[in-house]
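# Geometric and topological summary
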Amino acid sequence: MDKRKLPVWALVLADLAAAAICVGLVLLVLYVIPQGTRVEQTEEQAVTQFALPSEGSGVDLGITAASQNDWSHADTLSIAADQEEIQQFLAVKKTRKTLQEYRGDTSEIKIEQVSCTVNGEPLVYYAADIYVSTIQAVQTGFADNMYGKNIRDFVSSMAKENHAILAISGDSYGESDNACVIRNGVLYDSDPGTSDVCVLFRDGVMKTYSASQFDAEAVMEQGAWQAWTFGPALLDGNGGILEAFHSTEYLNKINPRAAIGYVAPGHYKFVVVDGRQEDYSAGVTMNQLAALMQEEGCMTAYNLDGGKSAVMVYDGKQVSQPIGAGRTISDIIYIGEVKQEVQK
């Protein structure tokens, strides 16, 4: 008998240790070690110009039939909207306070703090009303200026690096195995999995799509400028609240939120809802967020990454009050001034 032969229990422990090391290495690669590529600038393309309100243009806040969404939930697992909860939220009296106003060459911004009481709980959210004269003013930024997984930074840091006037948290594409990622006109990934997709086009129109409706190549041909994958979509493209949300029971519960809304070409809304903070702000459900975006005058609206991720920053300073001081994420959506060429 070979005395050097290990006992069964030792062999089992060795196998378990080897398996644990393998699992640990996989988790390290997938969730810890940054994996990305440096973002490069692309050639400028012609974009539609919009008139700012201060130019006395009498901005048309209507919507054309061409910009309405052809929405269907036939292929999704949907949660019906709670009409009673929606109506209750709309009936609540809100107090609005202007915090900041900005007027530049290519954008005009007004940020309001809105407070109210919903079902006996306090609620505070921040709504930014945004006009831009060119879609290039609506930018996105990656953490460390790199596209990839496990690359994260705070919203305030990314806003500073990109010289953002106003910034909010994005869709945290880097935390998902499936995401359609179109940023500043560049297609990085085309598979949204089963999630709703929000696309902002170069002509200023914003649309939302269910996963089965979405075709990355088609929207790129139509002039996609940005695309986010989180969701769900909240409105039908004509200002109506969807009859059902492509979501989960957990996501539908009361939470801090971030959302982007579309009023008309060149006119958008950034909204951040604080939450999970007793005696300050509870947060909102998905039904209430949809009602909120409708109340803000949006035709189309889309839920972005929320919870601790939901943050708004203006001029380098944090406007919202995220729970736990926020957390690092993979990307932001921001408004930046665009250099205008002088016509000779």
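Above: the structure in question.
Residues numbered from 1 in each chain as written. Predicted model: local features only at pLDDT ≥ 70, side-chain atom pairs only at ≥ 80, totals over all residues. Heavy atoms only, no water.

### A word on the nonpolar core
Rules: Grouping buried Ala, Val, Leu, Ile, Met, Phe, Trp, Tyr and Cys residues that are joined through side-chain atoms within 4.5 Å yields what is termed a nonpolar core. Type-normalised accessible area, obtained with a 1.4 Å probe on protein chains alone, sets the label of each residue: buried when under 20%, exposed when over 50%, and partly exposed for intermediate values. Secondary structure elements follow DSSP: runs of H or I of four or more residues count as helices, runs of E of two or more count as strands, with numbering from the N terminus. Only heavy atoms enter the contact rule, under which two residues are in contact if any of them lie within 4.5 Å.
Counting 37 residues, the largest nonpolar core has Leu166, Phe270 and Met312 as its most contacted members. It is strand S5 (residues 121–132) that provides the largest number of residues to this core, a total of five residues. If sequence neighbours within four positions are ignored, Met312 has contacts with Ile111, Tyr126, Ala128, Leu166, Ala167, Ile168, Phe270, Val272, Lys317, Gln318, Val319 and Ser320. Core analysis: the next-biggest nonpolar cluster, separate from the first, contains 28 residues, Val92, Tyr125, Leu242 and Val273 among them.

### Regarding the sheet that holds S5
Note: strands within a sheet are paired through backbone hydrogen bonds, in either parallel or antiparallel orientation. This is how the line gets drawn: In this analysis, strands are considered paired if DSSP registers two or more bridges between them. Between N-to-C directions, angles span 0 to 180 degrees; the directions come from axes that are lines fitted to C-alpha atoms, helices contributing only their stretch in contact.
A sheet is described by the order of its strands in space; here six strands give the open sequence S3-S4-S5-S16-S15-S17, paired in antiparallel fashion. The outermost strands of the open sheet, each flanked by one partner alone, are strand S3 (95–103) and strand S17 (300–303). Put simply, the sheet's adjacent strands are angled 15° from each other on average, direction ignored. Here 12 bridges tie strand S4 (residues 107–118) to S5, and the two strands are oriented antiparallel to one another.

### Some words on the pairing of strand S11 (residues 197–201)
Burial analysis of S11 places five of its five residues in the buried class, the great majority of the element. Side chains Val197, Val199 and Phe201 project from S11 onto one buried face, and the interleaved Cys198 and Leu200 project onto a second face that is buried too. Both S11 and strand S12 (residues 206–209) contribute to a ladder of four bridges, which runs antiparallel. By the bridge assignment for S12, Cys198 is matched with Thr208. Where S11 hands over to S12, the hairpin turn is made up of four residues, of which Gly204 adopts a positive phi near 95°. Pairing analysis gives five bridges linking S11 to strand S13 (residues 224–229), with the strands arranged antiparallel.

### A look at the packing of helix H2 (residues 83–91) against helix H6 (residues 286–295)
For clarity, the threshold we go by: For this classification, under 35 degrees means roughly parallel, over 145 means roughly antiparallel, 65 to 115 means roughly perpendicular, and everything else is oblique. By definition, any crossing whose near helix is turned counterclockwise from its far helix by less than a right angle is left-handed, and any crossing with a clockwise turn is right-handed. Side-chain classes are defined by residue name, with Ala, Val, Leu, Ile, Met, Phe, Trp, Tyr, Cys and Pro counting as nonpolar, Asp, Glu, Lys and Arg as charged, and the others, Gly among them, as polar.
At a minimum axis distance of 9 Å, the contact between H2 and H6 shows a crossing angle of 45°. Between H2 and H6, the crossing angle belongs to the class labelled oblique. Between H2 and H6 lies a crossing whose hand is right-handed. Facing H2, whose interface residues are Glu85, Ile86, Phe89 and Leu90, H6 presents Asn287, Gln288, Ala291, Leu292, Gln294 and Glu295. Class assignment of the residues belonging to the contact of H2 with H6 gives a composition of five nonpolar, three polar and two charged.

### A look at the packing of aromatic side chains
Here is the rule: A pair of aromatic rings is counted whenever rings of Phe, Tyr or Trp (Trp by its six-membered ring) have centres within 6.5 Å, and the orientation is called stacked for planes under 30 degrees apart, edge-to-face for over 60 and tilted otherwise.
One pass over the structure, following the stated rule, counts seven aromatic pairs. One aromatic cluster is present, built from ring pairs that chain together Phe142, Tyr147, Tyr173 and Tyr188.

### Thoughts on a nonpolar patch on the surface
Condition: Patches here are clusters of residues that have more than 30% relative accessible area and form no salt bridge, with a 9 Å joining cutoff for like charges and a 5 Å cutoff for nonpolar side chains (Val, Leu, Ile, Met, Phe, Trp, Tyr). Here the accessible surface of atoms and residues is derived via Shrake-Rupley with a 1.4 Å probe, and residues count as covered only by protein chains that are part of the display. Only one rule defines a salt bridge in this text: a Lys or Arg side-chain nitrogen within 4 Å of an Asp or Glu carboxyl oxygen.
Judged by side-chain polarity, Trp9, Leu13 and Leu16 come together as a nonpolar surface patch covering roughly 370 Å² of accessible area. With respect to the element layout, Trp9 can be found in helix H1 (residues 8–31).

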